[in-house]
Amino acid sequence: MLKIEAQPWAVMVEHGRACFPRECCGILVGSAGDAGDNVVTLAIACTNAYEGDQKDRFELDPRDVIKAERAAREQRQGVVGFFHSHPNEDAYFSATDLKFSAPGYSNVVMSIRDGEFSHAKCFIANFDQTAAEPEELHYA
Amino acid sequence: MPKILIPTPLRQFAGNNDTVDVAGVATVGEALGALVTQHPDLRKNLYNDEGKLRSFVNIYVNDEDIRYLSKEKTEVKDSDTISIVPSIAGGGR
């Protein structure tokens, strides 16, 4: 289960709205909760580094991930996942999302319709990236 | 000695350590080899069946991507930090 606190959730939704009709992307920092589930305490809105039409593609700059990892470690936390938006599409985990994922991380997909948040789902890719399992998602 | 930062999902395969120090290594390849020798469960998470780094694994020495240096032959010093950085992309298409 992934729980996202109110402040990082607001950052994520605002980033999705601001980037519409392009896909947004970002990094989720957090720690293990009491039940062993991850709690997101910080969402970092990143620039979409995909060089092409961003209405249905995104790419994170690895240097942003390194910066996030360093910031997380200073707080004794870690990068636990990533987020991106699907403008005017549902919050599914596409074949492209799966192909370019990394196993073990939570991936939050937000559906942004006509510039407003619609719904979100979370997925974790399996070891060999042949499938993604839904992960229970709670947000404030 | 160089240290390797272990990303969150892989710590369970590295004795729950977030950092692993590797001694007696001169290159990134040797450092990663020492890492998977210390923590064998990490091997299949980092390397494919052909022994190459998996597609989502980026390796940085300090702030430099080894793909733009000498790849796994990139030299490392005792003061260097090696980061295992996931490559993340995707999209609705």
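Per-chain numbering applies: the sequence of each chain, read as written, is numbered from 1 onward. The order in which chains are written sets their letters, starting at A; the order in which ligands are written sets their numbers, starting at 1. This being a predicted model, a pLDDT of at least 70 is required before a residue's local features are given, and a value of 80 or more before pairs of side-chain atoms are given or counted; all residues contribute to the totals for chains, interfaces and linings.

**Q** Tell me what's going on with helix H1 (residues 6-19) of chain A, and back it up with residues and numbers.
**A** Residue and element names in this part refer to chain A. By the criteria applied, helices consist of DSSP H or I runs no shorter than four residues and strands consist of E runs no shorter than two, each listed in order from the N terminus. Here, expected helix span is obtained from the residue count minus one, scaled by 1.5 Å. In this model, H1 (14 residues) spans 20 Å end to end at C-alpha, consistent with the 20 Å of a helix rising 1.5 Å per residue. Among the residues of H1, those classed as buried are Pro8, Trp9, Met12, Val13, His15, Gly16 and Cys19. Each buried residue of H1 lies within a common arc of 155 degrees when the element is viewed along its axis, so the set occupies one face. Here a residue counts as buried when 20 or more other C-beta atoms fall within 10 Å of its C-beta, as exposed when 12 or fewer do, and as partly exposed in between; the C-beta atoms come from the backbone. Each direction from the helix axis to a C-beta atom contributes to the arc, which is the arc of those directions.

**Q** Give me the nonpolar core: which residues, what numbers.
**A** Counting 60 residues, the largest nonpolar core has Ile27, Leu28 and Val29 of chain A as its most contacted members. With sequence-adjacent residues up to four places away left out, Val29 of chain A is seen in contact with Val40, Thr41, Leu42, Ile44, Ala68, Ala72, Gln77, Val79 and Val80 of chain A. By our criterion, buried Ala, Val, Leu, Ile, Met, Phe, Trp, Tyr and Cys residues that link up through C-beta atoms within 7 Å make up a nonpolar core. Working definition of a contact: two residues with C-beta atoms, positioned from the backbone, lying within 7 Å.

**Q** Pulling in residues and values, what's your account of the interface of chain B and chain A?
**A** Taken together, the contact pairs 19 residues of chain B with 28 residues of chain A. For the side of chain B that touches chain A, the elements supplying multiple residues, two or more each, are strand S3 (57-61), strand S5 (81-86) and strand S6 (89-90) of chain B. Per-element tally for the side of chain B that touches chain A: the top contributor is S5 of chain B, with 3 residues. Two strands are counted as paired when DSSP detects at least two bridges linking them. As paired strands, strand S4 (residues 58-59) of chain A and S6 of chain B are joined by 2 bridges and run antiparallel to one another. Among the inter-strand pairings, Phe58 of chain A is bridged to a residue of S6 of chain B, identified as Gly90 of chain B.

**Q** Got a sec to walk through the sheet that holds strand S5 (residues 78-87) of chain A? Specific residues and values, please.
**A** Residue and element names in this part refer to chain A. Overall, mixed pairing links the 8 strands, which are arranged S8-S7-S6-S5-S2-S3-S1-S9 in an open sheet. Each of the sheet's edge strands pairs with one partner strand only, and the pair in question is strand S8 (132-135) and strand S9 (137-139). The sheet shows a mean angle of 35 degrees between the axes of neighbouring strands, taken without regard to direction. Angles here are taken between N-to-C directions and fall from 0 to 180 degrees, while the axes themselves are lines fitted to C-alpha atoms, restricted in helices to the stretch in contact.

**Q** Tell me about the sheet that holds strand S1 (residues 3-5) of chain B, residues and numbers included.
**A** Adjacent strands of a sheet form backbone hydrogen bonds with each other and so pair up, either parallel or antiparallel. All names here are of chain B. Strands sit in the order S2-S1-S5-S3-S4 across an open sheet of 5 strands; the sheet is mixed. The two strands at the open ends of the sheet, each matched to only one other strand, are strand S2 (19-21) and strand S4 (64-65). Of the pairings in the sheet, the one linking S3 to S4 comprises 2 bridges and is antiparallel in character. Looking at the pairing, Val61 lines up with Glu64 of S4.

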